[in-house]
Amino acid sequence: MASPSSPFSLRPWPTGDKKPKNISEFISRVNTERGGFRNVTEDKLREEIASQDDGRIEIDRSSDGEEEDEDEADADKTNQVMVAREEFLKNIEFAHQSAMLGLDFVSLLCSKNKMHDPVKEKEAKKRKDAEATLSAALRERVGIGMVGASKVNESNVTEARKQDDLAVATGWRLMGVNNMVDSVVAAAEKLEKEIELETKYWADILAVSENGWAVCALPKEQHTLGVRFGFAESAPDFRDSSIAPLRRNDDGTVLLDLGRVGGGSQRVRVTLKKGGMIMDQSPLPGRTPDDAPLQDRVLEARNTAFHQELWYEINKEARTLLSSNVYSNSNCITWEQDPETQVIFTLEDLAEPDSTYEKISDTQCSCTAYYVYMQFLLFQGHRQNHYKRTTMTLPSSSRMTVHQPYTILRAVVANNRHFRDCNMMANFLEDLTFTLRRAGIHTASCKSAAQPLAPSLLQGNRTRRNAKTELILINQLVGRLESVFELTITPEIRIFARGRISIIPYIGMHFGISLTPSPPQNGSGENGTKNAGADDKEKVPYNPLETIYPPSDPIREPYPSAKEAAYYIRQATIRAVVQKLADETTQRLNRDDIACTETVRGPGITDRNDNEARVDIAENADGRLVLSLDAQWQAGSKMACRRWTWRADRDGAAGESITGAVVKLMQGLP
């Protein structure tokens, strides 16, 4: 048994009371003993308290027995702990004695003189250390150096073996150095190759940046470079996808990962068909090869994204143009100009250059003109979006509005109608003028001018140029095409027509007709315009048509088509010719009974002898204008009649004038 002064001691674990030490232990006890707080009710607790009060004596007896049992159990546990402690101390004491005996044996062995060392100082130090670790009791009983040791077998480590081991180690070291040199050379070659590839890669990147493209980090890959080739004012779907990563290929070239536009280069194509035959077609450029310079491939990606957006916008706009005979499906958009003529818009992939059916004879309405015009309109829409975003402060409620379709197809349809109606009007006036001149009215003439721009927009030196004025000018060029026509029958009788297109809210062509020249637009203020208009009105002579056959109001009630405007001009020309014939016949014959009359069959000239001359202008089977004079006079007891006609396309010298025919009629000698 260990002595009481031993440094080792074992104590039993302290025993505490049986009450819960914290709330968590209390909750766990309740859950274990009673099955949770749901089973603990006030009624049950009161019943337990009452039952304990009734059987208090029995509880006390049973508690005494339990206490005795607990005391016996505690005593047994204490005895077991003491026995384990004594056994543990014995084991520790045995281990200590064994270690001390081993130390004495080694110290006694080391103190033997036969353990020589070549260095005397080291030998003396070893011996002294061995004597210091030897116990005093063993030194007194046995002494120093009483135990010796000798080698049974000599060591096999010889000097030759040491030299061999040194040579092997040196060889391994040299092989390691050679491997290191080889790895350094390989790393240098790889680094040189990487430098060459990186130089080639960054040369392409710099070429793209120097050409004006925006090179930046990708939004979701900050360590990857990308190039923005789209338009900031495009639709959100095209704006977000118009950035491509610039990744490096194994040969150092740049891989342009185009994503959405990577399916191939595409262009919008316009095709004109008549009777199922292709009459005109916009050209297609060739596809950019994969080994082209990077800036060319970026430009091609930009053009493809632009045409994909153009195709998207005209498809969205085509759904609102059914009234203009524009129909769309998944593959093409068809615009039916007439039952035999169709203009087809498609989005086609690029391959080889194709300009087989391109014809630019009609520069205004050719497929190439439509192709260029639609691109210009989409770019103009981008500029308007940029102007609104940078200069206008929109309320928060209007910023989430749906993007309205651009007026691209509307402008194309409206401009086609404008040029068609203006050509129709110009041809009509030219044919009418030649017909009148053929009939002997040499004062007849016509003039036409397209797009009369406002004076303030033409004064480039005096008008401050900014984004707003540029947008106004372009919008006026696009959406306010105008053509002015002037027909002169006599110096006093002149007719002025102004044709203007309407794009929004509907597509139409309006012709405003007046009998006085239109005042200049956008003059120096309202007062200047009013004064100028008043001065011009005073200088312009009286026009007889203001009384005979006035037109509708050119601003409030313009004529809705060129056909109706031509009908008015034709009827007004008939009455102007009748008025001119009546005046000239009266002057030549010096009579006052010749007058103009309106009959059921049309305007004409009559006298007191019931001689009648009716003037009419109509189209023949070829669509050309024919001026006719139907005469009727009394020949004895019967009514005689005769008809004179004049056409602009009649060959040969001019025949009898219409004035001479009327004079003969009024003289009774037709």
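This is a predicted model, so every value here is computed, not measured.

Concerning the sheet that holds strand E12 (residues 494–502)
- As summarised here, the arrangement of the 4 strands in space is E10-E11-E12-E13, forming an open sheet in which the pairing is antiparallel. Two strands in the sheet have a free side with no partner beyond their single neighbour: strand E10 (445–450) and strand E13 (508–514). Each neighbouring strand pair of the sheet contributes to a mean axis angle of 15°, computed without reference to strand direction.
- Pairing of E10 with strand E11 (residues 482–488), which is carried by 6 bridges, proceeds in the antiparallel orientation. Counterpart to Ala-450 in the pairing with E11 is Ser-483.

Quick look at helix H1 (residues 23–34)
- The end-to-end C-alpha separation of H1 is 16 Å, in line with the 16 Å expected for 12 residues at 1.5 Å each.
- Count one or two residues on from H1 and you reach Gly-35, which has phi positive near 80°.

A closer look at the packing of aromatic side chains
- What the rule picks out here adds up to 5 aromatic pairs.
- Here the aromatic rings of Trp-335 and Tyr-370 are separated by 6.1 Å at their centres, their planes lie at 55°, and the arrangement is tilted. Taken together, the residues span a long stretch of sequence, with Trp-335 in strand E8 (residues 332–338) and Tyr-370 in helix H9 (residues 367–391) at a distance of 35 residues. Each of the two residues, Trp-335 as well as Tyr-370, counts as buried.
- Between the aromatic rings of Tyr-559 and Tyr-568, the centroid separation amounts to 5.8 Å while the plane-to-plane angle is 25°, which identifies the pairing as stacked.

Notes on unusual backbone geometry
- Its identity as a non-glycine residue notwithstanding, Asn-325 has a phi of 65°, on the positive side.
- Here Asn-325 is to be found in the loop between helix H8 (294–318) and strand E7 (326–328).
- Residue Asn-325 is classed as partly exposed on the basis of its relative accessible area, which comes to 34%.
- With a phi close to 60°, Asp-610 is a non-glycine residue in the positive phi region.
- Looking at where Asp-610 falls in the secondary structure, it is placed in the loop between strand E15 (602–606) and strand E16 (612–619).

As for the pattern of salt bridges
- Applying the stated criterion across every chain yields a total of 22 salt bridges.
- Arg-420 is the salt-bridge partner of Asp-421, the closest N and O atoms lying 3.4 Å from each other.
- The partner of Arg-624 in a salt bridge is Asp-431, and the shortest N-O contact between them spans 3.2 Å. One end of the pair, Arg-624, is in the loop between E16 and strand E17 (625–635); the other, Asp-431, is in helix H10 (residues 409–438), with 193 residues separating them in the sequence.
- Judged by its relative accessible area of 32%, Arg-624 is partly exposed.
- Judged by its relative accessible area of 8%, Asp-431 falls in the buried class.
- Shared partners join several salt bridges into a network, and the residues in it are Arg-591, Asp-593, Asp-607 and Arg-608.

Section: the nonpolar core
- Of all hydrophobic cores here, the largest spans 87 residues; its most connected members are Phe-345, Ile-569 and Ile-658.
- Considering each element in turn, this core owes the most residues, 13 residues, to helix H15 (residues 562–589).
- With residues near it in sequence (within four places) discarded, Ile-569 still touches Met-425, Phe-428, Leu-429, Leu-432, Leu-487, Ile-495 and Ile-513.
- One finds Val-208, Trp-213, Val-227 and Phe-229 within the second-largest nonpolar core, a separate group that totals 15 residues.

Considerations on the pairing of strand E3 (residues 243–248)
- Across 3 bridges, the pairing between strand E2 (residues 225–228) and E3 is antiparallel. Along E3, the bridge assignment pairs Val-227 with Ala-244.
- Bridge count for E3 against strand E4 (residues 254–256) is 3 bridges, and the pairing is antiparallel. By the bridge assignment for E4, Arg-247 is matched with Leu-255.
- As consecutive antiparallel partners, E3 and E4 are separated by 5 residues, and within that stretch Gly-252 has a phi angle of approximately 90°, a positive value.

Cut-offs used in this document
Residues numbered from 1 in each chain as written. Predicted model: local features only at pLDDT ≥ 70, side-chain atom pairs only at ≥ 80, totals over all residues. Heavy atoms only, no water. Pairing = 2+ DSSP bridges. Helix = DSSP H or I, 4+ residues; strand = E, 2+ residues; numbered from the N terminus. Axes fitted to C-alpha atoms, helices over the stretch in contact; angles between N-to-C directions. Expected span 1.5 Å × (residues − 1). Phe/Tyr/Trp six-rings, centres within 6.5 Å; stacked < 30°, edge-to-face > 60°. Buried < 20%, exposed > 50% of the residue type's maximum accessible area, 1.4 Å probe, protein only. Salt bridge = Lys/Arg side-chain N within 4 Å of Asp/Glu carboxyl O. Core = buried A, V, L, I, M, F, W, Y, C linked by side-chain atoms within 4.5 Å. Contact = heavy atoms within 4.5 Å.

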